[in-house]
Amino acid sequence: MLRLYNTLTRKKENFVPIDEKRVTMYSCGPTVYNFAHIGNLRTYVFTDLLRRVLKYDGFKLKGVMNITDVGHLLSDGDEGEDKMETASRKQGKSPEEIAAFYTAAFLTDLKRLNIGLPEILAKATDHIGDMLEYVGVLVEKGYAYQTADAVYFDISKFPEYGKLSRLKLDDQIAGARVKVNESKRNPADFALWKIAEPNHIMKWDSPYGKGYPGWHIECSAMSRKYLGEVFDIHTGGVDHIPVHHENEIAQNEARAGKKTVNYWLHGEFMCVDGGKMSKSLGNTYTIDNLVERGYRPLAFRYFCLNAHYRKKLNFTFESMDAAQTAYLRLLDLLYKHKNSSAEISPDTLNVYTEKFNAAIDDDLNAPLALGILWTMLKEPFSRKIYETALVFDRVLGLGLDKPEPLKEEKTEQAEVPQEVAALVLERIEARKNRDWAKSDELREKIDALGFKVIDSKDGCRVEKK
Ligand code: AMP
Ligand code: ZN
């Protein structure tokens, strides 16, 4: 029996879907104004793990993820500039171009991490009509009111506000996330529809004036459209618990008059060197940055799976090195099992399978499941073990069907002169900063010294010409 930790009840619960065969699930997706960083991706690895476990347990899935390509303001409240528009102004491109570019980059990252796509990827800009319909119902039911700058949700009409985060409204306001706005009835009222300032680029006609939707209404409108009034699971990162998901609950329950999501699941944060990931600290790494440093995307997936999704995970390059070493050893052991014809008793294999299943069914305990895999791989080499590992990989998604022997440390590297090695390092740094002009210039310099740089998805290597 699959058990999942429900943020709403703060308990592990038996998972019983509404329809016993098919699970309905909504996951908050990215705002596509920038590359996803490794913290964001940790959250999507968690969602993917959940989807894989559900499928492994025999459920069919209807999953929806939103792509926010409009109207997400800089803060969780209603103040600040639209992130899409800021990026668009900075990069001299239209918001549509920005969204298309970063959506494609996001999908590439998912692919590299073996993260399966949900059944439905829903772009916010394709659903403005659904959002306006939703706002209309909330206004009609008396849960929303219009001011000169927006249509707001009236939080005083929803006394259960705060039940997910268990924060009192006063504490949330004291958290200073929501700036007091004179036109609101209560400081924590949030915008469902914002009236656009004259220079705002993305705006749509509406009964309330030309404007754009609030971020929270996006998820309520799209989940309802595709999954119905009540659905099984809603996922996101823990940062969404206090504002975004409280607001979704308020909107959903105001409209439906009942609970609309049965299980709320949240992935814990990834931090870097023990602290927050932030642009100013220069530590918001992307998958490209890891690849440029020679890490495999699936070694990063291994790194994520090796921590329970509800525990904070600290990223350091030392721990990433350890993950890559472990991952390559795993592939090496599998390679040896694959190429052995020795037999192993089915009973032994069954014990491992039972333990593995119990681990993942206990609130997706991937670190324990990996431990069981390792113990199994230490048995005498047998192709049957390799085959069992492939079954486990339906959950782990670590590409175990492509085992490979460990390569000896590259001896050719030693023959690269210091001068060339320094240029290669400089080029890796330039690429990390997306300074392609400099990267090309350095390639030419390396070339002039008689060496060739070969870039691949796993990083770069240099060879004598
Ligand atoms: P955003 O594009 O900012 O809405 O974030 C996309 C997803 O990444 C959301 O589900 C966030 O909760 C999650 N997220 C943001 N920062 C981190 C982090 N440092 N660690 C884990 N998840 C994160
Ligand atoms: Zn959402």
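Cut-offs and rules
- Residues numbered from 1 in each chain as written.
- Chains lettered and ligands numbered in written order.
- Predicted model: local features only at pLDDT ≥ 70, side-chain atom pairs only at ≥ 80, totals over all residues.
- Heavy atoms only, no water.
- Axes fitted to C-alpha atoms, helices over the stretch in contact; angles between N-to-C directions.
- Helix = DSSP H or I, 4+ residues; strand = E, 2+ residues; numbered from the N terminus.
- Parallel < 35°, antiparallel > 145°, perpendicular 65-115°, else oblique.
- Contact = heavy atoms within 4.5 Å.
- Nonpolar A, V, L, I, M, F, W, Y, C, P; charged D, E, K, R; others polar.
- Donors = N, O, S within 2.8 Å, 3.2 Å for Na, K, Ca; no water.
- Buried < 20%, exposed > 50% of the residue type's maximum accessible area, 1.4 Å probe, protein only.
- Pairing = 2+ DSSP bridges.
- pLDDT = per-residue confidence, 0-100.
- Core = buried A, V, L, I, M, F, W, Y, C linked by side-chain atoms within 4.5 Å.
- Right-handed = clockwise from strand over helix to strand, strands pointing away.
- Near = heavy atom within 4 Å.
- Polar contact = N/O pair within 3.5 Å; in protein donor to acceptor, adjacent residues only side chain to side chain.
- Areas by Shrake-Rupley, 256 points an atom, 1.4 Å probe, with all protein chains shown as cover.
- Expected span 1.5 Å × (residues − 1).
- Phe/Tyr/Trp six-rings, centres within 6.5 Å; stacked < 30°, edge-to-face > 60°.
- Lys NZ or Arg CZ within 6 Å of the ring centre and 35° of its normal.
- Salt bridge = Lys/Arg side-chain N within 4 Å of Asp/Glu carboxyl O.

1. Let's talk about the packing of helix H2 (residues 83–91) against helix H3 (residues 95–112)
Thought 1: At a closest axis distance of 8 Å, the pairing of H2 and H3 adopts a crossing angle of 100 degrees. Judged on the interaxial angle alone, H3 and H2 are roughly perpendicular. Contacts between H2 and H3 pair Met84, Ala87, Ser88 and Gln91 from the former with Pro95, Ile98, Ala99 and Tyr102 from the latter.
Thought 2: Residue classes in the contact of H2 with H3 are distributed as six nonpolar, two polar and no charged.

2. Considering the coordination of the zinc ion (ligand 2)
Thought 1: Those protein atoms acting as donors to the zinc ion (ligand 2) are Cys28 (SG), Cys219 (SG) and His244 (NE2), and they sit at 2.0 to 2.2 Å.
Thought 2: Expressed as a motif, the donor residue spacing for the zinc ion (ligand 2) is C-x190-C-x24-H. One end of the pair, Cys219, is in helix H6 (residues 215–227); the other, His244, is in helix H7 (residues 241–256), and 25 residues separate them in sequence. In this pair, the class of Cys219 matches that of His244, namely buried.

3. Structural notes on the sheet that holds strand S9 (residues 211–213)
Thought 1: Pairing within the open sheet is antiparallel, and its four strands lie in the order S6-S7-S8-S9. Strand pairing shows two members of the sheet lacking a second neighbour, strand S6 (144–146) and S9, which therefore form its edges. In this sheet, adjacent strand axes meet at a mean angle of 20 degrees when their direction is disregarded.
Thought 2: Across three bridges, strand S8 (residues 190–195) lies against S9 in antiparallel orientation. In the strand pairing of S9, Lys194 is matched with Tyr212.

4. Brief notes about the confidence of the model for the chain
Predicted coordinates in areas of low pLDDT are best not read in detail.
Thought 1: Residues of the chain with pLDDT of at least 70 account for 93%, and the chain-wide mean is 91.
Thought 2: In this model, residues 409–414 is a region of pLDDT below 50 whose contacts with residues beyond four sequence positions or in other chains number one contact.

5. Some thoughts on the nonpolar core
Thought 1: Counting 85 residues, the largest nonpolar core has Leu54, Ile233, Phe300, Phe315, Leu330 and Leu373 as its most contacted members.
Thought 2: At ten residues, helix H1 (residues 38–56) tops the list of elements feeding residues into this core.
Thought 3: Those residues in contact with Leu373 that lie beyond four places of it in its chain are Leu330, Ala389, Phe392, Leu396 and Leu400.
Thought 4: Core analysis: the next-biggest nonpolar cluster, separate from the first, contains 42 residues, Ile120, Val135, Phe153 and Ala221 among them.

6. Remarks on the pairing of strand S10 (residues 231–237)
Thought 1: Most of S10 sits inside the fold, with seven of its seven residues counted as buried.
Thought 2: With three bridges connecting them, strand S3 (residues 22–27) and S10 associate as parallel partners. Residue pairing for S10: Tyr26 is matched across the bridge by His234.
Thought 3: In terms of strand pairing, S10 meets strand S11 (residues 261–267) through six bridges, oriented parallel. Along S11, the bridge assignment pairs Phe231 with Val261.
Thought 4: For the segment spanning S10, H7 and S11, crossover handedness is right-handed.

7. Brief notes about the site of ligand 1
Thought 1: Taken together, 14 residues form the shell around ligand 1, and within it Gly39, Asn40, Thr43, Asp239 and Met270 come nearest.
Thought 2: Measuring from a nitrogen atom of ligand 1, one finds a backbone N or O atom of Gly39 at 3.0 Å.
Thought 3: Here Asn40 contributes a side-chain N or O atom positioned 3.0 Å from an oxygen atom of ligand 1.
Thought 4: Across the complex, the protein chains shield 90% of the 490 Å² of accessible surface that ligand 1 would expose by itself.
Thought 5: Ranked by the residues each element gives to the shell around ligand 1, the list is headed by H1, at four residues.
Thought 6: Taken together, the residues of the shell around ligand 1 sort by class into five nonpolar, seven polar and two charged.

8. Some words on helix H11 (residues 346–361)
Thought 1: The first and last C-alpha atoms of H11 sit 22 Å apart over 16 residues, in line with the 22 Å expected at 1.5 Å per residue.
Thought 2: Looking only at H11, the buried set comprises Leu349, Tyr352, Phe356, Ala359, Ile360 and Asp361.
Thought 3: Residues of H11 that are buried sit in contact with strand S1 (3–6), H1, helix H12 (366–377) and helix H13 (383–396).
Thought 4: Of the residues trailing H11, Asp363 is marked for its positive phi of about 50 degrees.

9. Brief notes about the sheet that holds S10
Thought 1: Pairing in this open sheet of five strands is parallel, and the strands run S5-S4-S3-S10-S11 from one edge to the other. Strands at the two margins of the open sheet, each flanked by one partner only, are strand S5 (120–123) and S11. When the angles between neighbouring strand axes are averaged without regard to direction, this sheet yields 20 degrees.
Thought 2: Each of S3, strand S4 (60–67), S10 and S11 touches H1; the most contacted strand, S10, lies at about 155 degrees to it.

10. A closer look at the packing of aromatic side chains
Thought 1: The full count for this structure, using the stated rule, is 19 aromatic pairs.
Thought 2: Here a set of aromatic residues connected by ring pairs shows up, and it is made of Tyr285, Tyr295, Phe300, Phe303, Phe315 and Phe317.
Thought 3: A cation over an aromatic ring shows up here: Arg434 above the ring of Phe35, its NZ or CZ 3.8 Å from the ring centre.

11. Side note on the environment of Lys378
Thought 1: Turning to its location among the elements, Lys378 is positioned in the loop between H12 and H13.
Thought 2: Looking at Lys378, the relative accessible area reads 59%, which means it is exposed.
Thought 3: Through-space distance from the C-alpha of Lys378 to that of Ile454 is 36 Å; in sequence the pair is 76 residues apart.

12. Let's talk about the pattern of salt bridges
Thought 1: Under the definition given, this model contains 30 salt bridges.
Thought 2: In this structure, the salt-bridge partner of Glu253 is Lys163, at a minimum N-O distance of 2.7 Å. With Glu253 in helix H7 and Lys163 in the loop between strand S7 (150–153) and helix H5 (169–174), this pair connects stretches of sequence that are 90 residues apart.
Thought 3: Look at Glu253 and you get buried, because its relative accessible area is 11%.
Thought 4: Across the salt bridge formed by Arg296 and Glu404, the nearest N and O atoms sit 2.9 Å from each other. Here the residue Arg296 occupies a position in the loop between helix H8 (287–292) and helix H9 (297–305), and Glu404 occupies one in the loop between H13 and helix H14 (418–432), the gap between them amounting to 108 residues.
Thought 5: Through salt bridges with shared partners, a single network forms among Asp109, Arg112, Asp288 and Arg434.

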